[in-house]
Amino acid sequence: LTMLAAGVLGGVFGLLLASYLNRPVDPVAELDRALAAHEFKPYVQPTFRLKTGDIIGGEILARWEKPDGRLIPPMSFIPLAESSGRIEKLTWQILKSALRELQPEMRQDKLFKLSVNITPRHLLGDGFVDDLRKVVASSSVSTRQVVLEVTEREELADLNKATDVVKELGEFGFRIALDDVGIGHSGLSTIQRLGARILKIDKFFVDAITRDQSAVVVVQMLVALARELDMSVVAEGIEQQEQVDALIACGVEEGQGYLVSPPLSLDRFKQFLDVHNASAAAEGRISKPEL
Ligand code: C2E
Ligand code: MG
Ligand code: MG
Ligand code: MG
């Protein structure tokens, strides 16, 4: 009996000590809790036509809205979500939510394209194309308005498999954007063979373009390559008008960056579109939306 009492006391003491030391919870369990509570949100950054400033779409960028109000950036949870096998669930959750909220705007503007970042492992995993088709079919958005961004930062493990998946996606109307081009590991063979329709030039070159002639040369080369391969080009991380001017001079037509807007919550992104459309209509640049 004394042994039992000692055991119970020891257990209670252990619990008290653990909470006193405020031991952090298991980070994967915390991810699961946050997924169940739908704390991962799709923030959206507008993409725009460089010459006119017209909004032509948006990129979903994940944010973790903690119950205490903190907003956690993707680099603090995406790598763990990837290594723990939670990235698939997270991706479908934020894509479904963005499609649900933005479908009225996307039905009205058939040229509006919504991009979502997809981890190479997810893209190459079993059933990706079927799962994606189901998610998009459960909204009223056309597959032609959905773009999958695949980063060039990591090597696409199996380029043959990746090329097949991209081809299959294309048959259903989906487009692929190759993200972070120029700073990755995969190189020109990926650009040449993958079958991506969009090439995203990394912020690294946008930062350098106004002060370094060699950055101009790289951007011009990527534009020429994209033209030959029938790809469109988007420049990332544009913060200054001088960068817009330099990019236009290199032949880049589309971009995104804080100059126009940071990533916004869905509510604020919808407001942003309303204000933008109202001012474009006032300037006579677009026709009145159909009723
Ligand atoms: P990315 O896909 O290349 O996204 C561009 C990043 O640049 C975003 O950072 C965006 O907020 C930031 N950015 C855009 N314009 C500017 C600018 O003018 N100035 C500066 N300084 N930054 C700008 P964010 O949101 O922190 O995302 C970082 C990366 O995390 C993304 O890079 C993407 O690779 C990854 N990521 C984000 N959301 C997801 C997701 O849902 N799934 C996956 N697999 N990866 C994601
Ligand atoms: Mg991206
Ligand atoms: Mg990028
Ligand atoms: Mg991007």
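Each remark here, short or long, concerns the structure printed above.
Residues numbered from 1 in each chain as written. Chains lettered and ligands numbered in written order. Predicted model: local features only at pLDDT ≥ 70, side-chain atom pairs only at ≥ 80, totals over all residues. Heavy atoms only, no water.

**Regarding the overall build of the chain**
Phase 1 of the analysis: Looking only at helices and strands, the chain has twelve helices and nine strands in total.
Phase 2 of the analysis: Principal-axis analysis of the C-alpha atoms places the extent of the chain at approximately 85 × 45 × 40 Å.
Phase 3 of the analysis: When each of the 291 residues of the chain is scored for burial, the buried share is 46%.
Phase 4 of the analysis: When contacts within the chain are restricted to residue pairs at least 6 apart in sequence, long-range pairs at least 24 apart make up 69% of them.
Phase 5 of the analysis: Put simply, the chain shows about 15,600 Å² of open surface, and 56% of that area lies on carbon and sulfur atoms.
Phase 6 of the analysis: In the chain, which carries 33 positive and 41 negative side-chain charges, the distance between the mean positions of the two groups comes to 4 Å. (Helix = DSSP H or I, 4+ residues; strand = E, 2+ residues; numbered from the N terminus. Buried < 20%, exposed > 50% of the residue type's maximum accessible area, 1.4 Å probe, protein only. Contact = heavy atoms within 4.5 Å. Areas by Shrake-Rupley, 256 points an atom, 1.4 Å probe, with all protein chains shown as cover. Lys, Arg positive; Asp, Glu negative; His and termini not counted. Charge placed at Lys NZ, Arg CZ, Asp CG, Glu CD.)

**Details of the coordination of the magnesium ion (ligand 4)**
Phase 1 of the analysis: The protein atoms donating to the magnesium ion (ligand 4) are Glu59 (OE) and Glu236 (OE), with metal-donor distances spanning 2.0 to 2.5 Å.
Phase 2 of the analysis: A gap of 2.9 Å separates the magnesium ion (ligand 4) and the magnesium ion (ligand 2), which Glu59 links by coordinating each metal. Linking Glu59 in strand E2 (residues 55–65) with Glu236 in the loop between strand E8 (232–235) and helix H11 (241–249), this pair joins segments that are 177 residues apart in sequence. Like Glu59, the residue Glu236 is buried in the burial classification. (Donors = N, O, S within 2.8 Å, 3.2 Å for Na, K, Ca; no water.)

**Considerations on the coordination of the magnesium ion (ligand 3)**
Phase 1 of the analysis: Ligation of the magnesium ion (ligand 3) by protein atoms is provided by Asp179 (OD), Asp180 (OD), Glu236 (OE) and Glu236 (OE), these donors lying 2.0 to 2.5 Å from the ion.
Phase 2 of the analysis: Taken in chain order, the donor set of the magnesium ion (ligand 3) reads D-D-x55-E.
Phase 3 of the analysis: The distance between the magnesium ion (ligand 3) and the magnesium ion (ligand 2) is 4.5 Å, with Asp179 acting as a donor to both metals. With Asp179 in strand E6 (residues 175–181) and Glu236 in the loop between E8 and H11, the pair connects residues that are 57 residues apart, well separated along the chain. Of the two residues, Asp179 and Glu236, both sit in the buried class.

**Comments concerning the pattern of salt bridges**
A side chain of one charge can pair with a side chain of the opposite charge if their charged atoms are brought near each other.
Phase 1 of the analysis: Considering all chains together, one arrives at 14 salt bridges under this definition.
Phase 2 of the analysis: Between Lys66 and Glu30 there is a salt bridge, and its shortest N-O distance comes to 3.9 Å. With a gap of 36 residues between them, Lys66 in the loop between E2 and strand E3 (71–72) and Glu30 in helix H2 (residues 27–36) connect regions that are remote in the sequence.
Phase 3 of the analysis: Residue classification places Glu30 among the buried residues on the basis of a relative accessible area of 18%.
Phase 4 of the analysis: One salt bridge in this structure joins Lys203 and Glu239, with 3.8 Å as the shortest N-O distance. Here Lys203, found in helix H9 (residues 203–208), pairs with Glu239, found in the loop between E8 and H11; they are 36 residues apart in sequence, far enough to count as distant.
Phase 5 of the analysis: Owing to a relative accessible area of 30%, Lys203 belongs among the partly exposed residues under this scheme. (Salt bridge = Lys/Arg side-chain N within 4 Å of Asp/Glu carboxyl O.)

**Thoughts on the environment of Val252**
Phase 1 of the analysis: Within the secondary structure layout, Val252 lies in the loop between H11 and strand E9 (254–255).
Phase 2 of the analysis: Take Val252: its relative accessible area is 3%, and that puts it in the buried class.
Phase 3 of the analysis: A C-alpha to C-alpha distance of 32 Å links Val252 and Leu90, two positions 162 residues apart in sequence.
Phase 4 of the analysis: Filtering out sequence-adjacent residues up to four positions away, Val252 remains in contact with Leu50, Ile201, Val219, Val223, Val233, Ala235 and Leu247.

**As for unusual backbone geometry**
Phase 1 of the analysis: Backbone geometry at His38 places phi at a positive 55°, although glycine is not the residue there.
Phase 2 of the analysis: With respect to the secondary-structure elements, His38 resides in the loop between H2 and strand E1 (40–49).
Phase 3 of the analysis: Phi at Asp180 is positive, roughly 60°, even though this residue is not glycine.
Phase 4 of the analysis: Checked against the element boundaries, Asp180 lands in strand E6.

**A short note on helix H6 (residues 128–137)**
Phase 1 of the analysis: All of the buried residues in H6 are Phe128, Val129, Leu132, Val135 and Val136. Seen end-on, H6 carries its buried residues on one side only, within an arc spanning 130°. Pointing more than 90 degrees away from the buried face of H6 are the exposed residues Lys134 and Ala137.
Phase 2 of the analysis: Here the buried face of H6 lies against helix H4 (87–108), strand E4 (113–118), helix H5 (120–124), strand E5 (146–151) and helix H7 (159–171). (Arc of directions from axis to C-beta.)

**Quick look at the site of ligand 1**
Phase 1 of the analysis: Around ligand 1 lies a shell of 23 residues, among which Glu59, Arg63, Asp179, Glu239 and Tyr258 are the nearest.
Phase 2 of the analysis: In this structure, Thr119 approaches ligand 1 through a side-chain N or O atom, which is 3.2 Å from a nitrogen atom.
Phase 3 of the analysis: Within the contact set of ligand 1, an oxygen atom lies 2.9 Å away from a side-chain nitrogen or oxygen of Asp179.
Phase 4 of the analysis: The fraction of the free accessible surface of ligand 1 (810 Å²) that becomes covered by protein chains is 85%.
Phase 5 of the analysis: The cavity that encloses ligand 1 is the second largest pocket. (Near = heavy atom within 4 Å. Polar contact = N/O pair within 3.5 Å; in protein donor to acceptor, adjacent residues only side chain to side chain. 1 Å grid on protein atoms, 1.4 Å probe; cavity = no way out; pocket = protein on both sides within 12 Å on 5 of 7 lines; lining within 4 Å. Sits in = over half its atoms within 2 Å of the grid points.)

All we've got here are geometric facts, nothing functional implied.
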